[in-house]
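Below are the chains, spelled out letter by letter.
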Amino acid sequence: MRPSRHAQRAHRYVRSATISPAWSALSPDDLPLDHETAFDADPRTLVGPLRPCLLVAGRAADVLGRRRMFLIGASLLLTGAIVGILATSAEALFGARIVQAAGAAALSRAAMSMLLSRTEGPARLKAMSNWGAASTIGGALGVSLGALGVSLGGLVAAAAGWNAIFAIPASAAAVALLLGMRWLPADECGARRSFDGAGAAMATGTALALAFAILSVPQHGWWSVPTVGGVLAGAGLAVLLMRHERRAPDPLFPQTVLSSPRVVAGLAVNMLGGGARIAAFVLVAFLLQRVLAMDVGAVGLAMLPTSLFGFAVSVALLPRLLARYGPERVTAIGCLTLAVAHLVFATATPGTSYVLHVLPALALAAAGVAMSFTPTTLVIAREVARRDSGVGSALASASPQLGGLLGIAVFGAVDALVTTGERAAGAAGVSAMFLVAAGFSAAAGMLALCGLVPRGAHSGGPRAMPAVAQPGH
C-alpha cells in the first residue's frame, strides 16, 4: 500500500534529520548504490538503530576488560574505514558501516567506563564535564557541518572520490588505537567472570525490534503492522530477557542496577531528555531553513554558536554547579532550561530576527543540553558498583539514543499533521514540533525533581559515592 501524503512527508523528515554531512554532499549516482539504498547505507541511518542494540559492549568492557574493549573498538573503527575506502559494492559499503557502528559502540562504552571506574569525587565531576563538553560541541558541530557539508563534502569527493570520505575516521581510529596501546593502563586483575551471551542476544533483539518500530512510524503510521509488530516483538523479548536475567549467574544487567528506583528514574529522564536534546540540534536547523529561509551555508554558520555556548557551559560552569548543587538538581535545572529554549523557538515566525530571538534561545538550549546530559549520567553511575560501570555507562548512553529515535518519529508525525506545504504552514509545523519538544523537556525536568532529588536534603552538594563500589576489571 502506498503511504499517505502525511506519511511521505514524515518519512522525508526522518531522512533529512538523520542524513550525514558527507552523504548529503554526494549524489547516489556517485555511490555503488541505488537512490533508496544510498540513504539506508548512510552512517547515521545505520548507527542510530545499531548503537542502542550494542548495550552489550558496556557489559563486555566489565567482563573482558575496559582497555581491551577500547582497543577492540578502535580496531573495528579502523577496519570499517579501510573496508569503506576499498568498497566497490553495496554489500561492502553496508559491511563497512556496520563494522564502524560496532567499533564506535565498543570504544565509547569502554572509554566512559574507564572514566567512571577510575575517578571519584571532584575528579569524576571534572572528567565527566569534559566528556559532556566534547559531546555537546560534537553534536552541534555535526549539524553545522551537515549544513555546510554539501559544499565541503563535494570538494573532497570531487578531488579524491567518495571513498576518500572514510579517510578521516580511519585516521582518527588509527590515532586512538596507537595512543590507547601506549598510554592506557592495563586492566586490573580480578575474579574470572562469565559473559551472558544469551542475555546479550535477547537485549540486542529487544533494542532492534523497538528501533525498527520507532523508525516505521513516519512511513507506515502508529498502528501499522510493522510498528505494532515491532513493539510486540520488543516487549516479548524484554519479558524473556527479564526472566533469563533473574537466573543468570553473572547477568548482563545486574539486579543491583535495574532494581534501583534512582537508576530507573535516571533512565526515564535520559530517554525524555534524549528526545528533547535532539530537537535542540535538528529542529533548529529546520527552523532556520523553513521559517527564516536561510540557505544551506548560512544555516551551518548560524548553528556554530551552539558549540561555543555548550563548550563554555560544560567547562566553566557545569563543574561548579555539580559541586555546589549535585547532579540531581542540575539535571532538573538543565531540562527545564531546555524547555524554556524550545518555547522561545516555537514563537519564531518568518520575520523573526536571528540575533535578537534565535541566538539567545540557542544559548539557553546549549546550556540546557550541557546541564542535563552529563549530570544524568553521573546520577546513574553513582548507583552502580565500579565493577559494573561498563553496563552503567552503556545504559546511560543508550537511553538518550532510544529517546532521540522516539523524538524523531514523534516530531515527524506532528510536522506531517500540521504542515501543508506553504511557508506559513511550514512555520506552524516547526512551532508545533518545538512545543512537543518543550513537553519532553518539561516532563524530564519534573521527573528529575520528583524521582532524583533527595527528599529532605539540606545540603545541595553531591552525595558520597555508594559503598557498593569495588575494584574490578
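Quick caveat: nothing in here was measured; it's all calculated off a predicted structure.

(A) Expanded view of the pattern of salt bridges. With the rule as written, the count across this model stands at 2 salt bridges. Residue glutamate 328 pairs with arginine 262 through a salt bridge whose shortest N-O separation is 2.6 Å. Here glutamate 328, found in helix α14 (residues 296-346), pairs with arginine 262, found in helix α13 (residues 261-291); they are 66 residues apart in sequence, far enough to count as distant. Taken individually, glutamate 328 and arginine 262 each receive the classification buried, so the pair is uniform in this respect. Among the ionic pairs, aspartate 415 bridges to arginine 290, the shortest N-O distance being 2.9 Å. Residue aspartate 415 is located in helix α16 (residues 389-418), and its partner arginine 290 is located in helix α13; the two are separated by 125 residues in the primary sequence. Taking relative accessible area as the criterion, arginine 290 reaches 23% and is therefore assigned partly exposed.

(B) Examining helix α11 (residues 225-247) more closely. Compared with the 33 Å implied by 1.5 Å per residue over 23 residues, the 33 Å span of α11 between its first and last C-alpha is a close match. Within the sequence span of α11, burial applies to Thr227, Gly230, Gly234, Leu241, His244 and Glu245.

(C) Fine view of the packing of α13 against helix α15 (residues 354-382). It is at 10 Å that the axes of α13 and α15 come closest, and there the two elements cross at 155°. Relative to α15, the element α13 lies roughly antiparallel. Here α13 runs over α15; the crossing is left-handed. Across the interface between the two elements, Arg262, Val263, Gly266, Leu267, Val269, Asn270, Arg277, Ala280, Phe281, Val284, Leu287 and Leu288 from α13 touch Tyr354, Val358, Leu362, Ala365, Val369, Ser372, Phe373, Thr376, Val379, Ile380 and Arg382 from α15.

(D) Here's a closer look at the environment of alanine 203. Position of alanine 203 relative to the elements: it lies in helix α10 (residues 197-220). Taking the C-alpha atoms as reference points, alanine 203 and leucine 240, separated by 37 residues in sequence, lie 9.5 Å from one another. Those residues within four positions of alanine 203 in sequence are excluded, and the remaining contacts are Leu241, Leu252 and Phe253.

(E) Summary view of a nonpolar patch on the surface. On the surface, Trp222, Trp223, Val228, Leu232 and Leu406 cluster together into a nonpolar patch covering about 580 Å² of accessible area. Position of leucine 232 relative to the elements: it lies in helix α11.

(F) Quick peek at the packing of aromatic side chains. Enumeration according to the criterion identifies 2 aromatic pairs in this entry. Measuring from ring centre to ring centre gives 5.9 Å for phenylalanine 411 and phenylalanine 440, while their planes differ by 45°; the resulting arrangement is tilted. Here phenylalanine 411, found in helix α16, pairs with phenylalanine 440, found in helix α17 (residues 423-451); they are 29 residues apart in sequence, far enough to count as distant. You can call phenylalanine 411 buried: its relative accessible area is 1%. Across from the ring centre of tryptophan 183, 4.4 Å away, lies the NZ or CZ of arginine 182, which sits over that ring.

(G) Expanded view of the environment of arginine 277. Here arginine 277 lies in helix α13. Overall, the relative accessible area of 7% leaves arginine 277 in the buried class. As a C-alpha pair, arginine 277 and alanine 339 span 62 residues in sequence and 9.9 Å in three-dimensional space. The contact partners of arginine 277, leaving out residues within four places of it in the chain, are Asn270, Leu338, Val369, Ser372, Phe373 and Pro400. Among the polar contacts listed, one links the side chain of arginine 277 to the side chain of asparagine 270, at a separation of 3.2 Å.

(H) Representation of the environment of valine 228 in the model. Tracing the sequence through the fold places valine 228 in helix α11. By relative accessible area, valine 228 is classed as partly exposed at 31%. Placed 11 residues apart in sequence, valine 228 and valine 217 show a C-alpha to C-alpha distance of 9.4 Å. If we ignore the near neighbours within four places in the chain, the residues touching valine 228 are Trp222 and Trp223.

(I) Seen up close, the nonpolar core. Core analysis: the largest hydrophobic core is formed by 35 residues, its most contacted members being Leu287, Leu288, Phe345, Val358 and Phe434. Where this core is concerned, the elements lending two or more residues are α13, α14, α15, α16 and α17. Considering each element in turn, this core owes the most residues, 10 residues, to α13. Apart from the residues lying within four places of it in its own chain, the contact partners of leucine 288 are Ala293, Met294, Val299, Ala302, Met303, Tyr354 and Val358. Formed by 16 residues, the second largest nonpolar core is a distinct cluster that contains Met69, Ala104, Ala106 and Leu107.

(J) Layout of the packing of helix α5 (residues 56-64) against helix α7 (residues 90-118). Put simply, α5 and α7 touch, their axes get as near as 8 Å, and they point 55° apart. Between α5 and α7, the interaxial angle falls into the category oblique. Every pair of crossing elements has a handedness; the one defined by α5 and α7 is right-handed. Residues Ala57, Gly58, Ala61 and Asp62 of α5 form the contact with α7, whose participating residues are Ala105, Ala106, Arg109, Ala110 and Ser113. Here the contact of α5 with α7 is built from residues that sort into 5 nonpolar, 2 polar and 2 charged.

(K) Layout of helix α6 (residues 66-86). Helix length check: α6 (21 residues) gives 30 Å between terminal C-alpha atoms against 30 Å at 1.5 Å per residue, within 8%. Of the positions making up α6, those classed as buried are Arg66, Met69, Phe70, Leu71, Gly73, Ala74, Leu77, Gly80, Ala81 and Gly84. Against the buried residues of α6 lie α5, α7, α9 (167-183) and α16.

Calculation rules
Residues numbered from 1 in each chain as written. Predicted model: local features only at pLDDT ≥ 70, side-chain atom pairs only at ≥ 80, totals over all residues. Heavy atoms only, no water. Salt bridge = Lys/Arg side-chain N within 4 Å of Asp/Glu carboxyl O. Helix = DSSP H or I, 4+ residues; strand = E, 2+ residues; numbered from the N terminus. Buried < 20%, exposed > 50% of the residue type's maximum accessible area, 1.4 Å probe, protein only. Expected span 1.5 Å × (residues − 1). Axes fitted to C-alpha atoms, helices over the stretch in contact; angles between N-to-C directions. Parallel < 35°, antiparallel > 145°, perpendicular 65-115°, else oblique. Left-handed = near helix turned anticlockwise from the far one by under 90°. Contact = heavy atoms within 4.5 Å. Patch = residues over 30% accessible without salt bridge, like charges linked within 9 Å, V, L, I, M, F, W, Y side chains within 5 Å. Areas by Shrake-Rupley, 256 points an atom, 1.4 Å probe, with all protein chains shown as cover. Phe/Tyr/Trp six-rings, centres within 6.5 Å; stacked < 30°, edge-to-face > 60°. Lys NZ or Arg CZ within 6 Å of the ring centre and 35° of its normal. Polar contact = N/O pair within 3.5 Å; in protein donor to acceptor, adjacent residues only side chain to side chain. Core = buried A, V, L, I, M, F, W, Y, C linked by side-chain atoms within 4.5 Å. Nonpolar A, V, L, I, M, F, W, Y, C, P; charged D, E, K, R; others polar.

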